[in-house]
Amino acid sequence: ASLSVGAVINNDGGASGIGPNWATLNGNLLATSAAPTTVIIYYGLIDQGTTNTAWQRTNNLGNLSTGLFSSAVSGLSMETLYYYRCYATNSAGYAWANSSASFTTIAGSTNDWTNLGGDYLWTNANNWGLLVVPTTNHRTRINGASSQANPALIDGTATGNCLKLDLGLSSD
């Protein structure tokens, strides 16, 4: 709900693409009062309501136009309940989603993907590589290789705002 007149935003049905260590947080910017509007997603282990400084983590998505948006988050703990809430601000005011959304990450196994310290590069216990590529529903081409002498072109089409490709990279 708008707390001042500047924007209208919601959590658009909650999180999607939930894994052991990641999820996609969804929202919808419904109105901006015709002003450039910054969207921020606040998330963490405790629902902190509309106290922005109390939330554990934030994703600042920058200025967005009205419409659906999403943000892939990583570094989450397995089988853990998380909360998130979307926020919008501009020169006309600010708004929070009416309430926080919640989701629980799934259980994992020895083949779970582990973030290697960046947002988009992952590995598993078998040293296979996974590259998560943010997209906007367009065709993406990625060069990967199982060794320097044997490059492989991996080609995929995004079905949402993220494309996950198993690159088959080994540690040798």
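Details of the structure are given in the entry above.
Owing to the predicted nature of the structure, the values given are computational and were not obtained by experimental measurement.

**Student:** Sorry if this is basic, but what is going on with the sheet that holds strand S2 (residues 22-31) here?
**Tutor:** The pairing of strands in a sheet happens through backbone hydrogen bonds and is either parallel or antiparallel. Pairing is antiparallel across the open sheet formed by three strands, whose spatial order is S1-S2-S5. Because the sheet does not close on itself, it has two edges, and the strands there are strand S1 (8-10) and strand S5 (67-74). The average undirected angle you get between the axes of adjacent strands in this sheet is 25 degrees. Sheet topology places S1 next to S2; three bridges connect them, and they run antiparallel. Bridging across to S2, Ile 9 finds its partner in Leu 29.

**Student:** Hey, could you run me through the environment of Gly 67 in this one?
**Tutor:** Looking at where Gly 67 falls in the secondary structure, it is placed in strand S5. Put simply, Gly 67 and Asn 28 are 39 residues apart on the chain and 5.4 Å apart in space, counted from C-alpha to C-alpha. If we ignore the near neighbours within four places in the chain, the residues touching Gly 67 are Gly 27, Asn 28 and Leu 29.

**Student:** Would you mind showing me how to read the nonpolar core here?
**Tutor:** Taken as a class, soluble globular proteins show a tendency for nonpolar side chains to be buried jointly. One finds Ile 9, Leu 25, Leu 29, Phe 69, Leu 76, Tyr 84 and Phe 103 to be the most contacted residues of the largest nonpolar core, which totals 18 residues. Of all elements in the fold, only S2, strand S3 (37-44), S5, strand S6 (81-90) and strand S8 (101-104) reach the threshold of two or more residues within this core. It is S6 that contributes the most residues to this core, four residues altogether. Discounting residues that sit within four places of it in the chain, Phe 69 has contacts with Ile 9, Leu 25, Asn 26, Gly 27, Asn 28, Leu 29, Val 39, Ile 41, Leu 61, Leu 64 and Cys 86. Counting five residues, the second-largest nonpolar core is a separate cluster that includes Ile 40, Tyr 42, Tyr 87 and Trp 96.

**Student:** Just to check I follow, could you spell out the pairing of S3 for this structure?
**Tutor:** Looking along a regular strand, one sees side chains alternate from face to face of the sheet. Among the eight residues of S3, seven are classified as buried, and the element is accordingly described as predominantly covered. The pairing of S3 with strand S4 (residues 57-64) spans seven bridges and is classified as antiparallel. The partner of Thr 38 across the bridge, within S4, is Asn 63. As paired strands, S3 and S6 are joined by seven bridges and run antiparallel to one another. The residue bridging Ile 40 from the neighbouring strand is Tyr 87, located in S6.

**Student:** Just to check I follow, could you spell out the packing of aromatic side chains for this structure?
**Tutor:** One pass over the full model with this rule turns up five aromatic pairs. Taking 4.7 Å as the distance between ring centres and 55 degrees as the angle between the ring planes, the aromatic pair formed by Tyr 87 and Trp 96 counts as tilted. Neither Tyr 87 nor Trp 96 differs from the other in exposure class; each is buried. Counting every residue linked through ring pairs, the aromatic cluster contains Tyr 42, Tyr 87, Tyr 94 and Trp 96.

**Student:** Is there a simple way to explain the side chain of Ser 100 in this structure?
**Tutor:** Checked against the element boundaries, Ser 100 lands in the loop between strand S7 (93-96) and S8. A polar contact is formed between the side chain of Ser 100 and the side chain of Asp 47, at a distance of 2.7 Å. Among residues more than four places away in sequence, those in contact with Ser 100 are Asn 11, Asp 47, Trp 55, Tyr 84 and Arg 85.

Analysis parameters
Residues numbered from 1 in each chain as written. Predicted model: local features only at pLDDT ≥ 70, side-chain atom pairs only at ≥ 80, totals over all residues. Heavy atoms only, no water. Pairing = 2+ DSSP bridges. Helix = DSSP H or I, 4+ residues; strand = E, 2+ residues; numbered from the N terminus. Axes fitted to C-alpha atoms, helices over the stretch in contact; angles between N-to-C directions. Contact = heavy atoms within 4.5 Å. Core = buried A, V, L, I, M, F, W, Y, C linked by side-chain atoms within 4.5 Å. Buried < 20%, exposed > 50% of the residue type's maximum accessible area, 1.4 Å probe, protein only. Phe/Tyr/Trp six-rings, centres within 6.5 Å; stacked < 30°, edge-to-face > 60°. Polar contact = N/O pair within 3.5 Å; in protein donor to acceptor, adjacent residues only side chain to side chain.

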